[in-house]
Amino acid sequence: ASGRPSAMCAGTSSADGAAGVAVRPRVVLDERALARRETQVVAQKTLFLMRHGKALHNVVEQEVKAKASAEAKARGLAKGDAEYDAHLEAARLEALRDEDLADPGLADEGRDQAMAAHEEFKQWGGPEPTVVFVSPLLRTLQTAAIAFPEHPNVQVNDILRERVTGLPCDAVTHRERAHFERMGFDFMAARSGRSGPRSTSISEMSEISTVCSTPRNQMTPTSCTDSKGLPTLCEIMKSPTSHQDNIEDKTSLRKRAAGIAQLLSTVEDEVISMVTHKGWLRELERGPFARASATEFSPGEVRAYTVTVFADGRMDAMPVGSFGKSDDRSP
């Protein structure tokens, strides 16, 4: 059973029937038809998910945490103790508040990881991605440029950006946007003939609220949906946690990641790549992809899935391969 109320039969009540009063027929709900509608496949894609290569702030984090670990052990604290973990996290956050780490690029090791992914893609043997969606942060833009050199269809999409943490390293600066535009990266809209939603910048989010008539304080998961019942970009980006000045929790990030169901169901491309971040990938796999035990991506790692999107917005993800995995679990 679908959990819906039981079907009501058309007809009249005994009292009304006896009195000969006409009664408006009740609609008969076909439970099997509803089930078919809810499980209708609207898209099936091959999806390559890639984490950016090791970035400059990842190097700083590793160095700071190593130093903090030595300090904690010198104080008699053991790895796994709450106080030990708190000491490392405090040191990490303090280091990442450095404005010099705003929207950092790749470290040399990260460039090597992106190049290794490029070589792996060449040896994949199957159809290559015909569109590459990429987060607007510099480290992902650089990774995409190396892993997919001269690709004719690279689209920057804010739905893929890292969780909004309030830290400089996760702030979008667009300081090298002109450089990537000269390379052909599309920051504004899907290319002609494609139906994917345009990339939306942080500065445009206030304009999005005028597109949807639902007041912010009345929004529900279904208040802004398209004709297929899938969440629209309006609904996803209208959340106050999407604003750069606010902090986005993991639940909000998971909801944002689930928005790729709409993206996958609207683009014509059958083979797609997404270059994004560890936190975003974790919430996608453990949430919408229902892979609760999925390990976090290492820098430059690629995982391939066959993704089926259903009419009710659910996704079924079947892993079909991976490469670039390492023991490096950089933050």
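The coordinates are above.
Procedures and definitions
- Residues numbered from 1 in each chain as written.
- Predicted model: local features only at pLDDT ≥ 70, side-chain atom pairs only at ≥ 80, totals over all residues.
- Heavy atoms only, no water.
- Helix = DSSP H or I, 4+ residues; strand = E, 2+ residues; numbered from the N terminus.
- Buried < 20%, exposed > 50% of the residue type's maximum accessible area, 1.4 Å probe, protein only.
- Contact = heavy atoms within 4.5 Å.
- Axes fitted to C-alpha atoms, helices over the stretch in contact; angles between N-to-C directions.
- Left-handed = near helix turned anticlockwise from the far one by under 90°.
- Nonpolar A, V, L, I, M, F, W, Y, C, P; charged D, E, K, R; others polar.
- Pairing = 2+ DSSP bridges.

To continue, consider the environment of isoleucine 146. Within the element layout of this structure, isoleucine 146 appears in helix α6 (residues 138-147). With relative accessibility at 16%, the residue isoleucine 146 sits in the buried group. Isoleucine 146 sits 32 residues away from alanine 114 along the chain, and the two C-alpha atoms are 5.8 Å apart. Excluding anything up to four places from it in sequence, isoleucine 146 contacts Leu106, Arg111, Ala114, Met115 and His118.

Close contact between helix α3 (residues 56-74) and helix α4 (residues 82-96) brings their axes to 9 Å; oriented N to C, the two are set at 145°. Once α3 is placed against α4, the crossing between them reads as right-handed. Together, His57, Val60, Glu61, Val64, Lys65, Ala68, Ser69, Glu71, Ala72 and Lys73 of α3 and Tyr84, His87, Leu88, Ala91, Arg92, Ala95 and Leu96 of α4 make up the contact between the two elements. For the contact of α3 with α4, the class distribution of residues is nine nonpolar, three polar and five charged.

Locating valine 60 in the fold gives a position in helix α3. Its relative accessible area of 24% is what places valine 60 among the partly exposed residues. Each C-alpha atom of the pair valine 60 and leucine 96 lies 8.1 Å from the other, and the pair is 36 residues apart in sequence. Not counting chain neighbours up to four residues away, the residues in contact with valine 60 comprise Ala95 and Leu101.

Most of strand β4 (residues 271-276) sits out of view: six of its six residues are buried. The side-chain alternation of β4 yields two buried faces, one formed by Val271, Ser273 and Val275 and the other by Ile272, Met274 and Thr276. Sheet topology places strand β1 (residues 41-51) next to β4; six bridges connect them, and they run parallel. Each residue of the ladder has a partner; that of threonine 46, found in β4, is valine 271. Relative to β4, strand β2 (residues 131-134) runs parallel, the two being bridged by four bridges.

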